[in-house]
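Here is how the chains run, residue by residue.
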Amino acid sequence: MIYFDVTKSGAARHQSGLMRLSTRLRQELGAAVAAVTWDARQGIWRRADGRAPVALAPADWLFTAELFSEAERPGWWGFLRRRPCRLAALFADAIPLRHPQITWPQSVARHPEYLKMLAAFDRVWAISEESRRDLEGFWRWQGAEARAAVETIALGADFDGAPRAPRAAPGGGASLLCVGILEPRKNQQFLLDVCEDLWAAGAEFSMHVVGRVNPHFGRPVAARVRALAAAGWPVTHHVAGSDALLDRLYAGARATAFPTIAEGCGLPVLESLWRGRPCVCSDLPVLREITAGGGCRLAPPNDRAAWAAALRAVLTDDAEWARLADEAAARPLPVWADTARTIAAVAGPVPNSAQA
């Protein structure tokens, strides 16, 4: 049996990357897993539906995609040492260690212990080669003896479970879409500066920014959006990005923009391609892992002239847009059912579904 940890994700209201990951995996795993939560007061696991205690057996697997520490989950070190069952985890990134100055303080404080705890797991799947290298590098630095090697796993592009979009026509008006929490790491402020340059030079397009505001670092980004809108530029911030809203915005977009400076994988790029939309994104090693198949135009992070040229090309050059759109439609893309089958293979197969 696979028990799926939803201690945090089961109660969360926002749609972060980790929430997307947890939700889609549970949907695809279906009856192959049972959702559970950690009861810190008693140091036991309970079923998420009826809160009944769970007796973990040696043949069982506990799978988690969540972040944790002893302070957040009292008793976890003891649980890891007792090891009543086998343990599997999905590892996203080491961004809080690489960029502590722009990461939530709680995440920065948690991450070193979290990475140490992962060394006690039997299986760890990293969501990119770069994340795998970061985790194994941390363990070497700490002298930690990991129980198992880290493997990589591909995340799904089918964010809402809808069929893959066919090759799209560029449509009438020009519109760009940027998806991600508003914060310095996602770099929307830089993107807005580039857009303002293009608007001031006479370019005609609208910009839709979708994502909640990071309460520690995101307010200046949200203020920048409001200031541009007040000045008459066509930019809109959608705080609550439901799947229905994203479906509508992808359908109306000519392309997407992803100016991030650090990622674990880059789900918005995959999801853009799933919807048949070319993506202009930062030229980062982790994003090259998923953009090599085509459909994307890379630009150096924070290079204002390069980003202006790339955005202008996808907005006004129909031949360049068509080339990227053809690549987006033709390339293979991973789906969440594939991710689920990889994880479920530790305890048995899940139903087949056609790969896109």
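As the structure is a computational prediction, the values presented were derived from the model and not from experiment. (Residues numbered from 1 in each chain as written. Predicted model: local features only at pLDDT ≥ 70, side-chain atom pairs only at ≥ 80, totals over all residues. Heavy atoms only, no water.)

Visitor: What should I look at first to understand the overall build of the chain in this one?
Guide: Of regular secondary structure, the chain possesses 13 helices and 13 strands. What you see for the chain is a C-alpha radius of gyration of 21 Å, in line with the 21 Å of a compact globule of 356 residues. Summarising its shape, the C-alpha atoms of the chain cover approximately 65 × 45 × 40 Å along the three principal directions. For the chain, the proportion of its 356 residues judged to be buried stands at 53%. Here the contacts in the chain between residues at least 6 apart in sequence split such that 74% fall between residues at least 24 apart. (Helix = DSSP H or I, 4+ residues; strand = E, 2+ residues; numbered from the N terminus. Rg over C-alpha atoms; globule rule 2.2 N^0.38 Å. Buried < 20%, exposed > 50% of the residue type's maximum accessible area, 1.4 Å probe, protein only. Contact = heavy atoms within 4.5 Å.)

Visitor: So what exactly am I meant to see when it comes to the sheet that holds strand β2 (residues 33-39) here?
Guide: Paired through backbone hydrogen bonds, the strands of a sheet run either parallel or antiparallel to each other. Strand order in the open sheet formed by seven strands is β3-β2-β1-β4-β5-β6-β7, with mixed pairing between adjacent strands. Since the sheet does not close on itself, it has two edges, and those belong to β3 (44-47) and β7 (150-152), each with one partner. Strand after strand, the sheet turns through a mean of 30 degrees between neighbouring axes, direction not considered. Sheet strands touched by helix α5 (residues 129-142): β5 (86-91), β6 (123-126) and β7. Its angle to β7, the strand with the most contacts, is close to 170 degrees. (Pairing = 2+ DSSP bridges. Axes fitted to C-alpha atoms, helices over the stretch in contact; angles between N-to-C directions.)

Visitor: Can you walk me through the nonpolar core in this structure?
Guide: Residues L21, L25, F63, L90, L155, V269 and L287 are the most contacted members of the largest nonpolar core, which totals 42 residues. Leave out the neighbours within four places in its chain, and L287 touches F258, T260, E263, C265, G266, V269, C281 and S282. W45, W76, A119 and V150 belong to the second largest nonpolar core, which has 31 residues in total. (Core = buried A, V, L, I, M, F, W, Y, C linked by side-chain atoms within 4.5 Å.)

Visitor: Could you clarify how one ought to interpret the confidence of the model for the chain in this entry?
Guide: Segments scoring low in pLDDT should not have their predicted coordinates read at a detailed level. Residues at a pLDDT of 70 or more form 93% of the chain, whose mean pLDDT is 91. Below pLDDT 50 for its whole length, residues 349-356 participates in 17 contacts with residues either more than four positions away or in separate chains. (pLDDT = per-residue confidence, 0-100.)

Visitor: What is the right way to read helix α9 (residues 267-274) from this model?
Guide: Note that an α-helix has 3.6 residues per turn; residues three or four places apart therefore point the same way. Of all the eight residues making up α9, eight are buried; the element is thus mostly covered by neighbouring parts of the structure. Of the residues making up α9, those classed as buried are L267, P268, V269, L270, E271, S272, L273 and W274. Count one or two residues on from α9 and you reach G276, which has phi positive near 75 degrees.

Visitor: It is not clear to me how the sheet that holds strand β10 (residues 235-238) should be interpreted in this structure. Could you clarify?
Guide: Taking strand neighbours across the sheet as the criterion, the six strands line up as β10-β9-β8-β11-β12-β13 in an open arrangement whose pairing is parallel. Every interior strand has two partners, whereas the edge strands, β10 and β13 (296-299), have only one. Each neighbouring strand pair of the sheet contributes to a mean axis angle of 20 degrees, computed without reference to strand direction. Sheet analysis places strand β12 (residues 279-282) next to β13, joined by four bridges and oriented parallel. Looking across to β13, one finds that C279 is bridged to C296. Its contacts with the sheet put helix α8 (residues 243-252) on β8 (175-179), β9 (206-210), β10 and β11 (255-258), and the angle it makes with β8 is roughly 145 degrees.

Visitor: Could you clarify how one ought to interpret the side chain of E183 in this entry?
Guide: Relative to the assigned elements, E183 resides in the loop between β8 and α6 (188-200). Judged by relative accessible area, E183 falls into the buried class, the value being 5%.

Visitor: Is there a simple way to think about the packing of α6 against helix α11 (residues 304-316) in this case?
Guide: A packed helix pair is summarised by two numbers, namely the angle formed by the two axes and the spacing between the axes. Following both chains from N to C, one finds α6 and α11 inclined at 65 degrees, their axes separated by 10 Å at the closest point. Note on packing geometry: the crossing formed by α6 with α11 is right-handed. Taken together, the residues of α11 that come into contact with α6 (itself represented by F190, L191, D193, V194, D197 and L198) are R304, W307, A308, L311 and R312. Taken together, the residues of the contact of α6 with α11 sort by class into seven nonpolar, no polar and four charged. (Left-handed = near helix turned anticlockwise from the far one by under 90°. Nonpolar A, V, L, I, M, F, W, Y, C, P; charged D, E, K, R; others polar.)

Visitor: Explanation requested: helix α7 (residues 219-230) in the structure shown.
Guide: Its 12 residues place the ends of α7 16 Å apart at the C-alpha level, agreeing with the 16 Å of an ideal helix rising 1.5 Å per residue. Within the sequence span of α7, burial applies to V221, A222, R224, V225 and L228. Down the axis of α7, the sector holding all buried residues measures 155 degrees, keeping them to one side. What points out from α7, more than 90 degrees from its buried face, is the exposed set R219, R226 and A230. Check the buried side of α7 and you find it contacts α6 and β10. The first or second residue beyond α7 is G232, which carries a positive phi of 100 degrees. (Expected span 1.5 Å × (residues − 1). Arc of directions from axis to C-beta.)

Visitor: What exactly am I supposed to notice about the pattern of salt bridges here?
Guide: When their charged atoms lie close together, side chains carrying opposite charge are able to pair. Across all of its chains, the model carries 28 salt bridges by this definition. The closest approach of N and O atoms between E66 and R73, which form a salt bridge, is 2.6 Å. The pair E66 / R73 is uniform in exposure class, with both members buried. In this structure, the salt-bridge partner of D197 is R304, at a minimum N-O distance of 2.7 Å. Remark: R304 occurs in helix α11 and D197 occurs in helix α6; sequence separation between them is 107 residues. Overall, D197 belongs to the partly exposed group, its relative accessible area being 36%. Through salt bridges with shared partners, one network takes in E183, R185, K186 and E263. (Salt bridge = Lys/Arg side-chain N within 4 Å of Asp/Glu carboxyl O.)

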